[in-house]
Amino acid sequence: MTDPATASVTPPGPVERAINERLTAALSPTHLRVINESAQHRGHMGDDGSGESHFRVVIESAAFAGQSRVAQQRLVNRALADLLADHIHALAIEARAPAEAVG
């Protein structure tokens, strides 16, 4: 589920939509925000010109309860494995369980 208050002005591209769909299916998040940061990296290494190469994911899921930060990130990476291999150059992950404080 994407946070409508923070959704980007431009419609999401196919990679952004795939990130949303896969994380929703794999982790049933109570909060999910996918931020396309590719414009900030235009012309840098990893910029493939698609406008969808660099992302930040803010996700809250019960699947993260009791998991270390590394384990939480592995769950996200596993859900997006093929996208990371073929389409995403950089992915920043902010993951937490519902009971964890936002900070």
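In case you missed it, the structure is sitting above this.
Residues numbered from 1 in each chain as written. Predicted model: local features only at pLDDT ≥ 70, side-chain atom pairs only at ≥ 80, totals over all residues. Heavy atoms only, no water.

The next thing to look at is the packing of helix α1 (residues 14-27) against helix α2 (residues 69-79). As a packed pair, α1 and α2 sit with axes 9 Å apart at the nearest point and diverge in direction by 120 degrees. Here α2 runs oblique to α1, going by the angle between their axes. When you trace α1 past α2, the crossing you get is right-handed. When α1 is examined against α2, the residues R22, L23, A26 and L27 are found in contact with a partner set consisting of L75, V76 and A79. (Axes fitted to C-alpha atoms, helices over the stretch in contact; angles between N-to-C directions. Helix = DSSP H or I, 4+ residues; strand = E, 2+ residues; numbered from the N terminus. Parallel < 35°, antiparallel > 145°, perpendicular 65-115°, else oblique. Left-handed = near helix turned anticlockwise from the far one by under 90°. Contact = heavy atoms within 4.5 Å.)

With that out of the way, let us pick up the pattern of salt bridges. Considering all chains together, one arrives at four salt bridges under this definition. A salt bridge links E60 to R96, with the nearest nitrogen and oxygen atoms 3.2 Å apart. Note that E60 is positioned in strand β2 (residues 54-60) and R96 in strand β3 (residues 90-96), a separation of 36 residues in sequence. What makes R96 buried here is its relative accessible area of 15%. (Salt bridge = Lys/Arg side-chain N within 4 Å of Asp/Glu carboxyl O. Buried < 20%, exposed > 50% of the residue type's maximum accessible area, 1.4 Å probe, protein only.)

Before going further, it helps to examine α2. Among all positions of α2, only A71, Q72, V76 and A79 are buried. In a view along the axis of α2, the buried residues occupy a sector of 140 degrees, so they form one face of it. Seen from the open side of α2, the exposed residues pointing more than 90 degrees away from its buried face are R74 and R78. Those residues of α2 that are buried lie in contact with α1, β2, α3 (81-86) and β3. (Arc of directions from axis to C-beta.)

Of all seven residues that make up β2, six are buried, and the element is covered over most of its length. Both β2 and β3 contribute to a ladder of seven bridges, which runs parallel. For I59, the partnering residue across the bridge sits in β3 and is A95. (Pairing = 2+ DSSP bridges.)

By themselves these figures say nothing about function.
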